[in-house]
Amino acid sequence: MVEKNKKKSLNFFPLFICSLIFELSFYSNYFFLILLIPICYYLFLTNVKIKDIILIFLFGFFPCITNIFIKNFNVYDWLYKLILDVTHFDLRENIKCYFEKLYPEKESNFLKLLILNIKNDQGFNIYKQIINLSIVYLIVISGFHISFIQLVINKIFKKLKKLGFIFNILLTSVYSWILNFSVSINRCFFSLLFHKKISKISSDNFDTTSLVGYLNLLIVPQSYSNIGFQLSYLCTLGILFLNKFDIKNIFINRISINYIALLISFPIVLSLNQKISVFALINSFIFSTFFIFSFCVLLFICFVPFLSFLSCFLINIIYETINVFDYLNINLELSIMNVYVSVMFYFVIGLFGIFLYKKYNII
């Protein structure tokens, strides 16, 4: 049984989910409103006061309002262009050119996919293979990799926490700039800024991520339809949900993390190609560690010319590994996936998650 914390939840989780549901409902399909039922049940079980519920629904509707005025304007794109106009220096383009000069075409395209999220030529082909293996979320939510690097940096600067924090802020902000302020990296950046303060007053590990997600929807309301945004935040919240059960066994914990990320991304993966790998869980378990290791190593050695042979060696191992798994892979065609099936899927997942919380006295 999990002990209750004396600190209270700030209710940013239902606020974020409500705002996402409202946008999906009013700008995509009204059927998404059904997902408010699990949220209302969650609010009821957590004894949230009526006035607070009204505020959650009221503020949850704000991104819909900002969407009316902002529409397709993206403040991150504007910021990226502003920095470019002021500095006359495009770091992303310079890194892209650097890869093209230093590496053969195949290796260069892979690095552009992994490091810069640029999909072209062989990079796009391997991206399609990753989709076939049903592990696209491992590439799309690159913020997961940055979060891992942040943990490593925190371990290194364990006795110099402020220095570690500054190093993480610099690393994440620069990398966010390189990726044109992508939603997944911004999630890491702002979560890093807000986490320490929020964790002092909140008992809910959902609050930081949910606040960042809500603010993102508020200033870039079109994010609701972005697959990277959906995968990044939903998978992260799924992992935070699992962390509340405090699983001690490392192996079981890793299996559970991969399972829940795969489960949550299931409808989104199917929406990309209408099929799912029968080995999805195995692929997820193997490649999650593999991609984290590869990303961390390549991020620090791919820019060093005299280590380029090591980068090429690792990239070719990745290519061959993905080719082998793709060759052995078996996909099930599931063309039944549509908005109605997706909504009912998340409806059941939401109720089941609340059931587990209630059963283990986490709520």
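Residues numbered from 1 in each chain as written. Predicted model: local features only at pLDDT ≥ 70, side-chain atom pairs only at ≥ 80, totals over all residues. Heavy atoms only, no water.

### Examining the overall build of the protein
And then number 1: Counting secondary structure elements, the protein contains 18 helices and two strands.
And then number 2: Taken over the C-alpha trace, the protein has a radius of gyration of 21 Å; the compact-globule value for 363 residues is 21 Å, and the two agree within 12%.
And then number 3: Once the C-alpha set of the protein is aligned to its principal axes, its extents read approximately 65 × 50 × 45 Å.
And then number 4: Counting across all 363 residues of the protein, residues that qualify as buried make up 49%.
And then number 5: The contacts of the protein with a sequence gap of at least 6 include a subset with a gap of at least 24, amounting to 74%.
And then number 6: Looking at the protein as shown, the accessible area adds up to about 18600 Å², and 70% of this sits on carbon and sulfur atoms.
And then number 7: Put simply, the protein has 30 plus and 17 minus side-chain charges, and the middle of one group is 14 Å from the middle of the other. (Helix = DSSP H or I, 4+ residues; strand = E, 2+ residues; numbered from the N terminus. Rg over C-alpha atoms; globule rule 2.2 N^0.38 Å. Buried < 20%, exposed > 50% of the residue type's maximum accessible area, 1.4 Å probe, protein only. Contact = heavy atoms within 4.5 Å. Areas by Shrake-Rupley, 256 points an atom, 1.4 Å probe, with all protein chains shown as cover. Lys, Arg positive; Asp, Glu negative; His and termini not counted. Charge placed at Lys NZ, Arg CZ, Asp CG, Glu CD.)

### As for the packing of helix 11 (residues 161-178) against helix 12 (residues 183-201)
And then number 1: Running from N to C, helix 11 and helix 12 cross one another at 155°; their axes reach a closest spacing of 9 Å. The orientation of helix 11 relative to helix 12 falls into the category roughly antiparallel. Between helix 11 and helix 12 the crossing geometry is left-handed. Where helix 11 abuts helix 12, its residues F165, N168, I169, T172, S173, Y175 and S176 lie against I185, N186, C188, F189, L192 and L193.
And then number 2: Taken together, the residues of the contact of helix 11 with helix 12 break down into eight nonpolar, five polar and no charged. (Axes fitted to C-alpha atoms, helices over the stretch in contact; angles between N-to-C directions. Parallel < 35°, antiparallel > 145°, perpendicular 65-115°, else oblique. Left-handed = near helix turned anticlockwise from the far one by under 90°. Nonpolar A, V, L, I, M, F, W, Y, C, P; charged D, E, K, R; others polar.)

### A word on the environment of I34
And then number 1: On the secondary structure map, I34 appears in the loop between helix 1 (12-27) and helix 2 (36-45).
And then number 2: Counting along the chain gives eleven residues from I34 to E23, while the straight-line C-alpha distance between them is 13 Å.
And then number 3: Those residues in contact with I34 that lie beyond four places of it in its chain are V343 and F347.

### Some thoughts on a positive patch on the surface
And then number 1: Taken together, the side chains of K155, K158, K159, K161, K162, K196, K197 and K200 make up a positively charged region of the molecular surface.
And then number 2: Of all the secondary structure elements, the ones that give two or more residues to the positive patch are helix 11 and helix 12.
And then number 3: With respect to the helices and strands, the residue K158 is situated in the loop between helix 10 (143-156) and helix 11. (Patch = residues over 30% accessible without salt bridge, like charges linked within 9 Å, V, L, I, M, F, W, Y side chains within 5 Å. Salt bridge = Lys/Arg side-chain N within 4 Å of Asp/Glu carboxyl O.)

### So, the packing of aromatic side chains
And then number 1: Using the criterion set out here, one finds 34 aromatic pairs in the structure.
And then number 2: On the numbers, 6.2 Å between centres and 65° between planes, the contact of F99 with Y103 is edge-to-face. Of the two residues, F99 and Y103, neither departs from the other in class, the shared state being buried.
And then number 3: Judged by centre distance (5.5 Å) and plane angle (85°), the rings of F345 and Y346 are edge-to-face.
And then number 4: Taken together, the aromatic side chains of F22, F26, Y30, F57 and F61 make up a single cluster linked through ring pairs.
And then number 5: Here the basic side chain of K106 rests over the ring of Y319, its NZ or CZ set 5.1 Å away from the ring centre.
And then number 6: The ring of F206 has K244 lying over it, and the distance from NZ or CZ to the ring centre is 4.7 Å. (Phe/Tyr/Trp six-rings, centres within 6.5 Å; stacked < 30°, edge-to-face > 60°. Lys NZ or Arg CZ within 6 Å of the ring centre and 35° of its normal.)

### A closer look at the side chain of S277
And then number 1: Along the chain, S277 turns up in strand 1 (residues 275-277).
And then number 2: The residues touching S277, leaving out its near neighbours within four places in the chain, are N132, L133, S134, N283, N329, I330 and N331.

### Let's talk about helix 14 (residues 227-243)
And then number 1: With 17 residues, helix 14 extends 24 Å from end C-alpha to end C-alpha; this agrees with the ideal 24 Å at 1.5 Å per step.
And then number 2: You can read the cap of helix 14 off the contacts: a side-chain oxygen lies 2.7 Å from the backbone nitrogen of G228, and it is on N226. (Expected span 1.5 Å × (residues − 1). Polar contact = N/O pair within 3.5 Å; in protein donor to acceptor, adjacent residues only side chain to side chain.)

### A closer look at the state of the cysteines
And then number 1: According to the stated counting rule, one finds zero disulfides in the structure shown.
And then number 2: Sulfur of C18: no disulfide; nearest cysteine sulfur belongs to C40 and is 6.9 Å away.
And then number 3: The structure places no disulfide on C64, whose sulfur is separated from the nearest cysteine sulfur, that of C18, by 11 Å.
And then number 4: Exposure remark for C64: the relative accessible area of 2% places this residue in the buried category. (Disulfide = S-S within 2.5 Å.)

### Overview of unusual backbone geometry
And then number 1: Residues other than glycine seldom take positive phi values, yet N47 does so here, at roughly 55°.
And then number 2: The topology assignment puts N47 in the loop between helix 2 and helix 3 (50-60).
And then number 3: With a relative accessible area of 65%, N47 lands in the exposed category.
And then number 4: Despite not being glycine, N117 shows a phi value in the positive range, around 60°.
And then number 5: With respect to the element layout, N117 can be found in the loop between helix 7 (105-114) and helix 8 (122-132).
And then number 6: Take N117: its relative accessible area is 37%, and that puts it in the partly exposed class.

### Comments concerning helix 11
And then number 1: The end-to-end C-alpha distance of helix 11 is 26 Å, a good match for the 26 Å that 18 residues give at a rise of 1.5 Å each.
And then number 2: Within helix 11, burial applies to G164, N168, I169, T172, Y175, S176, W177 and I178.
And then number 3: Positive phi shows up at N180, right after helix 11, with a value of about 60°.

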